[in-house]
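# Understanding the architecture of this molecule
Here's the letter readout for the chains.
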Amino acid sequence: MLTLSGVASAEDISVPDQFERIQDAVDKAVNGDVVVVGPGVWFESVDLKGKAITLRSKEGPTATTLDGSSLKESVLRCLSGEGAETVIEGFTITGGTGHE
């Protein structure tokens, strides 16, 4: 007997191993996935696009920074209905405008 479940398993998506940019990994992610970001300073703006995903640094906030000092926008945007299932952990976040 074959039983199929409609529940897909969560996937870990690695930056920079699988994607060079955090936003590219977030774009690929689906609800339940975990985007794991390697150490370093990341100069980009990230929009979580309403997804119930986890955005996590691999080595914690002392090793991983989202830096918006050269951007003219927010470093991290959660403006599309993200809720309690959206988790951001292990980053130092600096710079950016704090505006949409």
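For the structure given in this document, a descriptive report is provided here. (Residues numbered from 1 in each chain as written. Predicted model: local features only at pLDDT ≥ 70, side-chain atom pairs only at ≥ 80, totals over all residues. Heavy atoms only, no water.)

### Quick notes on the overall build of the protein
Along its length, the protein carries 1 helix and 9 strands. Within the protein, the fraction of its 100 residues that count as buried is 37%. The contacts of the protein with a sequence gap of at least 6 include a subset with a gap of at least 24, amounting to 51%. When the accessible area of the protein is evaluated, it comes to approximately 5900 Å², of which 50% is carbon and sulfur surface. Computed over 8 positive and 16 negative side-chain charges, the separation of the two mean positions in the protein equals 3 Å. (Helix = DSSP H or I, 4+ residues; strand = E, 2+ residues; numbered from the N terminus. Buried < 20%, exposed > 50% of the residue type's maximum accessible area, 1.4 Å probe, protein only. Contact = heavy atoms within 4.5 Å. Areas by Shrake-Rupley, 256 points an atom, 1.4 Å probe, with all protein chains shown as cover. Lys, Arg positive; Asp, Glu negative; His and termini not counted. Charge placed at Lys NZ, Arg CZ, Asp CG, Glu CD.)

### Side note on the sheet that holds strand β2 (residues 34-37)
Read across the sheet, 4 strands follow the order β1-β2-β5-β8 without closing on themselves; strand pairing throughout is parallel. Only two strands of the sheet have a single neighbouring strand rather than two, namely β1 (12-15) and β8 (87-89). Averaged over all pairs of adjacent strands, the angle between their axes in this sheet comes to 15°, without regard to strand direction. Sheet analysis places β1 next to β2, joined by 4 bridges and oriented parallel. Residue S14 lies in a different strand from β2, and its bridge partner there is V36. (Pairing = 2+ DSSP bridges. Axes fitted to C-alpha atoms, helices over the stretch in contact; angles between N-to-C directions.)

### So, the nonpolar core
The nonpolar side chains of a soluble globular protein tend to be buried, and buried together. Formed by 16 residues in total, the largest nonpolar core has its most connected members in V15, I22, V26, V35, V37 and L55. Put simply, the parts of the chain that give this core at least two residues each are β1, α1 (22-28) and β2. It is α1 that provides the largest number of residues to this core, a total of 3 residues. What V15 contacts, discounting residues up to four positions off in sequence, is E20, R21, I22, A25, V35, V36, V37, G38 and W42. (Core = buried A, V, L, I, M, F, W, Y, C linked by side-chain atoms within 4.5 Å.)

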